[in-house]
Each structure stands twice: as structure tokens, then as C-alpha cells.
Amino acid sequence: MGLPKEHVIQPLHDGDSDDIHDNLSKFATTNGHWMLFLWKVAWQCLLTNDARRRRHLTLDGTCPACQEGDEDLFRLLCDCPYAIMVCWHFIPTSDLSRFMQGDFKQWFHNNLVTSIGTLISKHDWPILFALALEHFWYCRNKLVFENEYVSLLGSVKMFRMRSKEICRALRTSDPVTLSSIQNRVFSISWKRPEEGWVKLNTDGSFFQAPESAACGGIMRDHIGSFVSAFSCQLGNCSIIDAELWAILHGLRLAYGRGLRRVVMESDSLVAIRFLQEGCVPTHECAPLVR
């Protein structure tokens, strides 16, 4: 038995998912999250208040932003006064009607394949369109589930900042792609010290519960043979304190064993910089750094 007619999700192009794939595939190399989000928009899978009411998840199906009419997908993303006012701040008035024209299918398809000159960029409208839809959905969820209203001015500022960053990133001369990252090979291994030296590797850790820290370290010689090791509980202190205590305990252990040629390694860049450059006297780590 099929669903009642009003519960059937109508696709963007009835029986023709290839058109949807062609329109959305451009986002695969830009932002996989956007592609997934736009797929949900295309197949009307987002749980608006109207959809939630039909699934008996809420009693109120009205638009939370304007409180005017049921919140279906088209109203939320295009026809709501909140969305229109946000778009009015970055789409010229002469082009605003192009953004809103047609029914849901025409509106979604046209904005993915056509260019609208905006006050932010003249060439990246499909990207900005995807960002705008995601932005409206984000603001809506903040209001529905966190009872936090994103003001119109705050929404416009947030959208402008994100869109400018994205457009600038898309124009970089050497974009970092997933394939270029996958083709890089990094060699991460322990490197032995010179003969006559020992290497001390230390680490600190912090446990959220019950808010306690610990540290430890190990020393090995130039052929990798074990020399000594330590571990200790530190009580309640910061992770930087733990990293510094690990270095201090390790160096004390080496000194106590008569070792003077010690190469020290730590995975904490902050701790290393404190030891190399010092820190202000009022810093909580100052006693350890001195």
C-alpha cells in the first residue's frame, strides 16, 4: 500500500535522476557536504515543519521565521520574507526576480545552471546559491531546535563573510584537491640520534574525567636500544603543564643517570616555543619554563 498522495516525495525531475546528477556533480570537487545537502533539497528530503507535522513529530507546521503559512521547502528556501530580505542584501533588485521565478522544480534547476550577477561575485552564482540554501537551513534549525534567532543583520554578515572566503578559495591558483593529498607520502618515524647521544621522547596527556593529567617518556640510544623510561600522575593541571612536566622529568632522569648528551623531542609546539623563547612572568607555566 502506497503513502497518501501528500506524503509522496516528488523528485526534482520525475524519473530522470541523470539531470539532477549533471547539475550537482560540479559540487563534488568543491564541497561534498554541499552536494549531499543539495541532493536532499532536490528530492525534498529535508524535514521542514510541514514534513515533521505529517510525520507526527510536531503539531505546528508553520514557518518559524515569519509565522506565515506552512513551512514547506519552497517557502523556507525562497518564498519566506526572511530569505527574501537576506537575498535582497546581495542580489541586485533587477536580478532578484530571476532568483525567485518559477515553481520549485524550475527555481531549483534555473539557479543551478544560470548566472546571476551578485554584489559579491559575478561568476559563482551556483556556488553562492548552494551556500544560501545551506545558510537558510542553518538559521532555521538554530531557531527551531535551539530557540536562537539569527537576526537579519547577523545573517547577512555571516553569509557575506562565508561567501567571500569561498569565492576567494575557489580562485586560488593551486587548489588543494583530494587526489593531490592522497598522492603525497609522508614518512613519520623515529630517527636515531648520533652515536654517543640518547634521545628523549616525552608526552603529556589530560583526562577530561576526573580532570587529571599524566606524563611519560622514554630514552633510547643511537641504535634504538632502550635506556630508561618513566611515567607519573600529575593531578589537576593543563595539557601544556603536563607537556612541560614531561620534559622536566625526562631531563632530570637523564641527568640522574649521568647522561649529558640528550636530544629531547616533544609533540607540543607550544611547550617547545616556551622553552626556546620563554613566556611572560604572569603565565601559569612560567615557574616550569624558568
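Residues numbered from 1 in each chain as written. Predicted model: local features only at pLDDT ≥ 70, side-chain atom pairs only at ≥ 80, totals over all residues. Heavy atoms only, no water.

A. Seen up close, the overall build of the chain. Scanning the chain from terminus to terminus reveals 13 helices and four strands. Relative to its full complement of 290 residues, the chain shows a buried share of 37%. In the chain, 56% of the contacts between residues at least 6 apart in sequence involve partners at least 24 apart. (Helix = DSSP H or I, 4+ residues; strand = E, 2+ residues; numbered from the N terminus. Buried < 20%, exposed > 50% of the residue type's maximum accessible area, 1.4 Å probe, protein only. Contact = heavy atoms within 4.5 Å.)

B. Just the state of the cysteines, in detail. Enumeration according to the criterion identifies zero disulfides in this entry. Free cysteine: C66, not disulfide-bonded; nearest cysteine sulfur from C63 at 3.5 Å. (Disulfide = S-S within 2.5 Å.)

C. Representation of helix α8 (residues 125-146) within the structure. If you check α8, its first and last C-alpha atoms are 30 Å apart, about what 22 residues at 1.5 Å a residue would give, namely 32 Å. Across the 22 residues that make up α8, a large majority, 17, are buried. Following α8 by one or two positions, N147 adopts a phi angle in the positive range, close to 55°. (Expected span 1.5 Å × (residues − 1).)

D. Broad picture of helix α5 (residues 81-88). Of the positions making up α5, those classed as buried are Y82, A83, V86 and C87. Along the long axis of α5, the arc covered by the buried residues comes to 130°, so they all point the same way. (Arc of directions from axis to C-beta.)

E. Spatial organisation of the packing of aromatic side chains. Applying the stated criterion to the full structure yields four aromatic pairs. On the numbers, 6.3 Å between centres and 0° between planes, the contact of W39 with W43 is stacked. For W43, a relative accessible area of 24% gives the class partly exposed. A ring pair is formed by F74 and W107, whose centres lie 5.6 Å apart and whose planes are at 85°; its orientation type is edge-to-face. With F74 in helix α4 (residues 73-79) and W107 in helix α7 (residues 104-113), this residue pair connects regions lying 33 residues apart in the sequence. The rings of F74, W107 and F108 are connected pair by pair, giving a single aromatic cluster. Geometry around W190 places R220 over its ring, the cationic atom sitting 4.3 Å from the centre. Seen from the ring of Y255, R260 lies directly overhead, with NZ or CZ sitting 3.7 Å from the centre. (Phe/Tyr/Trp six-rings, centres within 6.5 Å; stacked < 30°, edge-to-face > 60°. Lys NZ or Arg CZ within 6 Å of the ring centre and 35° of its normal.)

F. Just the nonpolar core, in detail. The biggest cluster of nonpolar side chains holds 37 residues, and the ones touching the most others in it are V41, L77, W107, F108 and L133. Residue assignment for this core shows that the elements contributing at least two residues are α2 (32-42), α4, α5, α7, α8 and α9 (152-170). Those residues in contact with L133 that sit more than four places away from it in its chain are F37, L38, V41, L77, W107 and F108. Core analysis: the next-biggest nonpolar cluster, separate from the first, contains eight residues, L200, M219, F230 and A246 among them. (Core = buried A, V, L, I, M, F, W, Y, C linked by side-chain atoms within 4.5 Å.)

G. Looking closely at the packing of helix α11 (residues 239-256) against helix α12 (residues 269-277). Where α11 contacts α12, the two axes come as close as 9 Å, and the packing angle between them is 60°. With respect to each other, α11 and α12 are oriented oblique. Pair α11 / α12 crosses with right-handed handedness. Residue-level contacts link I240, E243, L244 and I247 of α11 to V270, A271, F274 and L275 of α12. (Axes fitted to C-alpha atoms, helices over the stretch in contact; angles between N-to-C directions. Parallel < 35°, antiparallel > 145°, perpendicular 65-115°, else oblique. Left-handed = near helix turned anticlockwise from the far one by under 90°.)

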